[in-house]
2 protein chains.
Amino acid sequence: MTATVTDGPVDTLLTRYRARTMATLLAELPTGGPRYLYDLVADYPGRSGKGLRAALCVATCRAFGGTDDDTVVNVAATVELFHNAFLIHDDIQDGSEQRRGAPTLSARYGVPVALNVGNMTNLLALERLLANRDLLGSGTTWELVEQTRLMLRHSLEGQAIEVGWIRDNACDLTADDYYRMCLKKTSWYTCVYPCRTGILAVGDGRPGMDRMDRYGWFLGAAFQIQDDVLNLVGDYARYGKEISGDLWEGKRTLILIDFLDRCTPAERERTVRFLGADRAARTAPEVRWLHRRLLAYDSVAAAQGHARDLADAARTEAAAALGDRAESEDGRFLLALADYVVDRSR
Amino acid sequence: MTATVTDGPVDTLLTRYRARTMATLLAELPTGGPRYLYDLVADYPGRSGKGLRAALCVATCRAFGGTDDDTVVNVAATVELFHNAFLIHDDIQDGSEQRRGAPTLSARYGVPVALNVGNMTNLLALERLLANRDLLGSGTTWELVEQTRLMLRHSLEGQAIEVGWIRDNACDLTADDYYRMCLKKTSWYTCVYPCRTGILAVGDGRPGMDRMDRYGWFLGAAFQIQDDVLNLVGDYARYGKEISGDLWEGKRTLILIDFLDRCTPAERERTVRFLGADRAARTAPEVRWLHRRLLAYDSVAAAQGHARDLADAARTEAAAALGDRAESEDGRFLLALADYVVDRSR
């Protein structure tokens, strides 16, 4: 099994599927209503995201024989709406200042407005999901609702793990702890859910809805680790979030866990004290010190190596799940995504 | 049409329906999982709330001929879960410190944890709603989902109006503006939704699901105004929230709107400046000054008068909607609730 891995074909389909999904998503948002609501629901989706989740959903559907693009694009728009709701709430929880190259909703409009916009985004995602009844029938729609319920459970549990670690100043985590959190927080909604709903959107009685699960788990973990890497060594103009934001926020990344495992007792003590402070009490010199330490210990490079291994595993799993379908345009795209998520700079 | 209006019978049914609903709600929450999640979902429901929404749902169902208490108690538990999710998020948005006589979730565990717990509470409400399929069938469950969708839309729009007024420092609002906001923010989810879902839980093809709407609108407005009154002149030990919290938060109540309409230019200027400051920049002397002004202008008493009129209107509407059913135990309870919501001290 070989796949042509260049940026070109991946970017082409990412752009195509993102454009169609976002056009549908934005065209059907409510208009009017009170200030600071529906107009702000359109804010994050209107910024230049990658559209990875939408593309995973559409490509998986097409690779497995889906032919009705309107149906799957509607499902993909649902996936992206849930994603944007997560981003809005996540930015509040993390106290993040930048998202996709501009101020976060909470930084620009305050927490009360942003929290409400996140809730409305979730509700509009649910509405769109239920509207599938006309296109897909009651049975498949119930299954989509069930998959959404499951995805939300995993995602909120993953989020609870992460915010709990910060709250408890957990400093004895292992790589396994990280991967378990990452599977729930990232892989499920970023990869497993788009693939499963994409297969449901084929509309042929949904055999093997879970056949891309292992691909999704590995791909999501690789994606998250690369996100953690870019947060430390990325180019802001491409990445769109504040560099070192994860350090300011006290995020427990694979990189930080690796460093805490190998650093000297004095470095460990200093880091534990840094992480135990409130975000507001952290200082730029301390952030810079920790940043340099993570690089000095090659913890970033080590994480990149793990991400690469996960991407290889994702490609292998996709090849097995796709079989002959791996030769189709969408099959090749799904395989090439494995390299894309670890090579990306945004 | 007369109804015996004493505290006794109202308290009896409130307590009975609340106890059954909360027992069901708490018994079926997930256990285990990560820290700071399912255990905290149970926190607010375990505190001593009034259970007004659960009782409205159960009593309406029984008044209109519902006989299967298990079914309606499950619906009432859904209603209470959505209510508790609102409270958690609302406390974050308002920066509130006290809820039901104890620190808010956000004050005790921080915003990141509380926001996530609110989201999980919403999800568990939705799960419980979907579980009605086994008890009520697919048709009625779709209708419950549709009513929930509508309720959430109104509630989030109402919330957007309120947080938007604070953000824009709106100081030229009228009583009509307040009532429109109140219908969306409070009446819909506190009264209209519990009554509608209670009628749906009768399970007889749901004729006239909206027949208690006018009752719900008036009852909810009376309830909200009395809440605003208690916030200024209540007894903390009974009310359970910090007294004058609404002033610290800059809430646009009917009381404040009335004062701004009738005060002197100098008082108005001082109030507008106070309201335009960030919450953190407000001072206790300024809050005390405004509090005394609201009382001096009889703005609190005026609001109580309006709440009384609304309660009377609610009773009249309920009597018309209930007809002969007004004589039943549950019918009398629904009528008596009109006085309860304006006479209550908690």
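The model shown is predicted, which means the values in this text are computed figures rather than measured ones.

Rules behind the numbers
Residues numbered from 1 in each chain as written. Chains lettered and ligands numbered in written order. Predicted model: local features only at pLDDT ≥ 70, side-chain atom pairs only at ≥ 80, totals over all residues. Heavy atoms only, no water. Helix = DSSP H or I, 4+ residues; strand = E, 2+ residues; numbered from the N terminus. Buried < 20%, exposed > 50% of the residue type's maximum accessible area, 1.4 Å probe, protein only. Disulfide = S-S within 2.5 Å. Expected span 1.5 Å × (residues − 1). Contact = heavy atoms within 4.5 Å. pLDDT = per-residue confidence, 0-100. Buried area = accessible area lost by both parts, 1.4 Å probe. Salt bridge = Lys/Arg side-chain N within 4 Å of Asp/Glu carboxyl O.

Visitor: Looking at this structure, I do not really get the environment of Gly-46 of chain A. What am I missing?
Guide: Residues and elements named next belong to chain A. Relative to the elements of secondary structure, Gly-46 occurs in helix H3 (residues 43-46). Owing to a relative accessible area of 54%, Gly-46 belongs among the exposed residues under this scheme. Sequence spacing of Gly-46 and Met-22 is 24 residues, and the spatial spacing of their C-alpha atoms is 7.8 Å.

Visitor: Looking at this structure, how should I read the state of the cysteines?
Guide: All chains considered together, the criterion is met by zero disulfides over all chains. Not engaged in a disulfide, the cysteine Cys-171 of chain A finds its nearest cysteine sulfur in Cys-263 of chain A; these two sulfurs lie 9.9 Å apart. Not engaged in a disulfide, the cysteine Cys-57 of chain B finds its nearest cysteine sulfur in Cys-61 of chain B; these two sulfurs lie 6.9 Å apart.

Visitor: So what exactly am I meant to see when it comes to the environment of Glu-157 of chain A here?
Guide: All names here are of chain A. Position of Glu-157 relative to the elements: it lies in helix H8 (residues 132-168). Taking relative accessible area as the criterion, Glu-157 reaches 11% and is therefore assigned buried. Taking the C-alpha atoms as reference, Glu-157 lies 7.3 Å from Lys-185; in sequence the two are 28 residues apart.

Visitor: Any chance you could explain helix H14 (residues 284-296) of chain B here in plain terms?
Guide: Given 3.6 residues per helical turn, the α-helix brings residues three or four places apart onto the same face. Residues and elements named next belong to chain B. The terminal C-alpha atoms of H14 lie 18 Å apart, and with 13 residues this matches the ideal 18 Å at 1.5 Å per residue to within 8%. All buried positions along H14 are accounted for by Val-287, Trp-289, Leu-290, His-291 and Leu-294. Packing partners of the buried residues in H14 comprise helix H9 (213-233), helix H11 (245-249), helix H12 (254-262), helix H13 (265-276) and helix H15 (299-322). Immediately downstream of H14, the backbone of Asp-298 shows phi near 60°, a positive value.

Visitor: Please clarify how the confidence of the model for chain A should be interpreted in this entry.
Guide: Interpretation of this model should avoid reading the predicted coordinates in detail wherever pLDDT is low. Per-residue confidence for chain A gives a mean pLDDT of 93; residues scoring 70 or more make up 97%. Across residues 1-7 of chain A, confidence stays below pLDDT 50; counting only partners more than four residues off in sequence or on other chains, it has seven contacts.

Visitor: I keep staring at the interface of chain B and chain A and nothing clicks. Help me out?
Guide: Size of an interface, as often reported, equals the accessible area lost when the parts are brought together. Facing 40 residues of chain B, the contacting portion of chain A comprises 40 residues. Summing both partners gives a buried area of about 3800 Å² for chain B against chain A, and 66% of it is carried by carbon and sulfur. Of all residues in chain B, Trp-142, Leu-156 and Arg-167 of chain B bury the most surface against chain A, accounting for 18% of the area lost on that side. Inspection of the chain B/chain A interface yields six salt bridges.

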